[in-house]
Amino acid sequence: MSKSEMIEGVEARHMAGAIRALAMDAVEQAKSGHPGMPMGMADVATVLFSQFLKFDAAEPRWADRDRFVLSAGHGSMLLYALLHLSGYEDMTLDELKNFRQLGSKTPGHPEYGHAEGVETTTGPLGQGLANAVGMAMAEAHLNARFGDELVDHRTWVIAGDGCLMEGISQEALTLAGKQKLNKLIVLWDDNNISIDGAISLADVTDQKARFAASGWNVLACDGHDVEDVARALEAATRSDKPVLVACKTTIGYGAPKRAGTAKAHGEALGAEELAGAKAAIGWKHGPFEIPEDVAAAWLRVGARGAAARELWEQRLKASEKQDEFASAMKSGNVEAAVMALGMHAAKMASDKPAMATRASSGAAIDAMFAQAPELMGGSADLTGSNNTQAKGVADFMPENRLGRYVRWGIREHAMAAAMNGMALHGGVIPFGGTFLSFADYSRPAIRLGALMGIRVVHVMTHDSIGLGEDGPTHQPVEQIAALRCMPNLAVFRPADAVEAAECWQLALLRDNGPSIMALSRQSTPGLRGDASENLSARGAYELLPAEGGAARVALFSTGTEVALAVKAREALQAEGIPTRVISAPCFELFEQQSEEYQDEICGEDEEVRIGIEAAVGQGWFEAFGLDAFIGMSEFGASAPAKDVYAHFGITAEGIVETAKALL
């Protein structure tokens, strides 16, 4: 890097040196962390933040800011150093000194919500890249809706070799290429090193060719030459496609013995190596010490977007779409949709249609979609099966950015992660469909959405052995239990069209975490005749009381098996055995109810409590204090749904026999 290159009146090497020094010092003090990536990408990050990134550190939530995603989240000190240096108020020097300590704003990997300027939670490699695709899609849609004067920004990503090796990267980059997201720019930290050593130990992929083949423009630069970096980034901003910039760097840049080796990746350098690295980059200052001229220059970088922000605020104030835009970005604009769903639920209670709950969900989507302009639906190539496309809704495509239906293709993982990015961006409430058995493809992204506490609705149909002939490869058995055990994830499994509408209401209102809609392929009868109250909001409720005395049997069930419980109750009541039925569409909401309500629903100790669900029983006994569970303990089988249920003993007759045996 040329010593003469100046940024804000200070030599660029010293601007980048501040990032390197803070990263080394913080990792050294914590005796834990990843110094190599921040040391290697400091020059690229310096150019990006000082010359290209549109942001204002004083207003970190400015709606039209550029989004910066550190997909290589292990290099978190790069981001924390940038936020501190550029003047983000909550990223103090003390926070850097508390790197990786309990309660700090500087966890080992960036976590959304801990500090301003952290746009998403990253660490699991490739997730940030896919998040960024969703952010760029949201920007493109909102740009079409509100125009350049209110929405016109880029999404920048720093990704490493590991991000590009993860399978999600293939899904994400091909999606971005298809969608021609030309405001998406990925800066690849091309250092040829992973934890085990040289990339060549495990991979021979020509990444530039891969991106080019997928509809990207590909550029390259010397990641330690700020003039060359600036040239490449300037060219990237003029692209008609998404852009990969291959930034050739040295991991652990400056470290005498570890630079360019795997030893620079994931551990503190040690006092001797740290001192040698600082000497090599010309940094003559103590731990966490930033000279005044460098600190002042970085603060000017952080403030350079203020004028653009103020002009944007003037445009917003003068815009006839001001209120609409504010409402969209608040993403709380769901009241009208919730009301429409309530009216729809009332009609379903009156009509009591027999239909698959996936069809019930589709009808609910039709009822609410026009009332919630922020909703964007989609499916992973299963539109006709998932029932996720509202009537008359156009596809989101390069030719029609106003479209509100995404053809995700067979990319479940990227779909889930990109929907996270859409939700994080704001202005969009995303939902997308696949089969429940494929939740395992989506799970890492669902988990991060739950960790971040963001509203995404995952529509997952074909929710049990009831899908029938497609057999055990597609019949989910363990998925519902596995999803229920994830913190901050609401798993809804409605029993009929009324509950489907209620569960959609709850998913829309749930702005602090994602939701799963587990929906059937097979038809099930209408059960609820009253929708005056959203009973699903209680998580579990008494659908039918015992008659002829105190209940001796309580049947707890979800989804299509509630109809079996109702039929079993009829038989038990006919034999003089008072029986009640409890529908439990959402365990997580039931757990949030008062202890008194839970005790009321679970009933007296004298009752025989039986759970029924065409899935494994984990979680059922703890939730309801069961005496028995009727469900699955093995994988399913290929046959018509009725035959499969009978084969595994999940029938009304089987429920009756179990109840009588326990009395």
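Shown above is the structure to which this text applies.
Residues numbered from 1 in each chain as written. Predicted model: local features only at pLDDT ≥ 70, side-chain atom pairs only at ≥ 80, totals over all residues. Heavy atoms only, no water.

Draft legend 1. Structural context of empty space enclosed by the protein. In this structure the tally under the stated criterion is two cavities of 30 Å³ or more. Within this model, the largest cavity holds a volume of roughly 90 Å³. Forming the boundary of the largest cavity are Phe49, Leu53, Phe55, Pro60, Arg65, Asp66, Phe68, Leu79, Leu83, Tyr88, Gly117 and Glu119. In this structure, the second largest cavity encloses a volume near 40 Å³. Lining the second largest cavity are Phe68, Val69, Leu70, Leu79, Pro110, Val118, Glu119, Thr120 and Thr122. Ranked by residue count, the leading element in the lining of the second largest cavity is strand 3 (residues 67–70), at three residues. Within the lining of the second largest cavity, the residues separate by chemical class into six nonpolar, two polar and one charged. (1 Å grid on protein atoms, 1.4 Å probe; cavity = no way out; pocket = protein on both sides within 12 Å on 5 of 7 lines; lining within 4 Å. Points joined across faces, edges and corners; volume = space filled by probe spheres on them. Helix = DSSP H or I, 4+ residues; strand = E, 2+ residues; numbered from the N terminus. Nonpolar A, V, L, I, M, F, W, Y, C, P; charged D, E, K, R; others polar.)

Draft legend 2. Here's a closer look at the nonpolar core. Leu187, Val245 and Trp298 are the most contacted members of the largest nonpolar core, which totals 118 residues. It is helix 1 (residues 12–30) that provides the largest number of residues to this core, a total of 12 residues. Once residues within four sequence positions are removed from consideration, Val245 is found in contact with Ile185, Val186, Leu187, Trp188, Leu219, Cys221, Ala232, Leu233 and Ala236. In this structure, Ala568, Val608, Val644 and Ala652 belong to the second largest nonpolar core, which totals 49 residues. (Core = buried A, V, L, I, M, F, W, Y, C linked by side-chain atoms within 4.5 Å. Buried < 20%, exposed > 50% of the residue type's maximum accessible area, 1.4 Å probe, protein only. Contact = heavy atoms within 4.5 Å.)

Draft legend 3. Summary view of the packing of helix 2 (residues 36–52) against helix 3 (residues 76–86). Between helix 2 and helix 3, whose axes approach to 9 Å, the crossing angle comes to 40°. Our classification of the angle between helix 2 and helix 3 gives oblique. Handedness of the crossing formed by helix 2 with helix 3: right-handed. Where helix 2 approaches helix 3, its residues Met37, Pro38, Met41, Ala42, Ala45 and Phe49 are matched on the opposing element by Met77, Leu78 and Leu82. Looking at the contact of helix 2 with helix 3 residue by residue, the classes come out as nine nonpolar, no polar and no charged. (Axes fitted to C-alpha atoms, helices over the stretch in contact; angles between N-to-C directions. Parallel < 35°, antiparallel > 145°, perpendicular 65-115°, else oblique. Left-handed = near helix turned anticlockwise from the far one by under 90°.)

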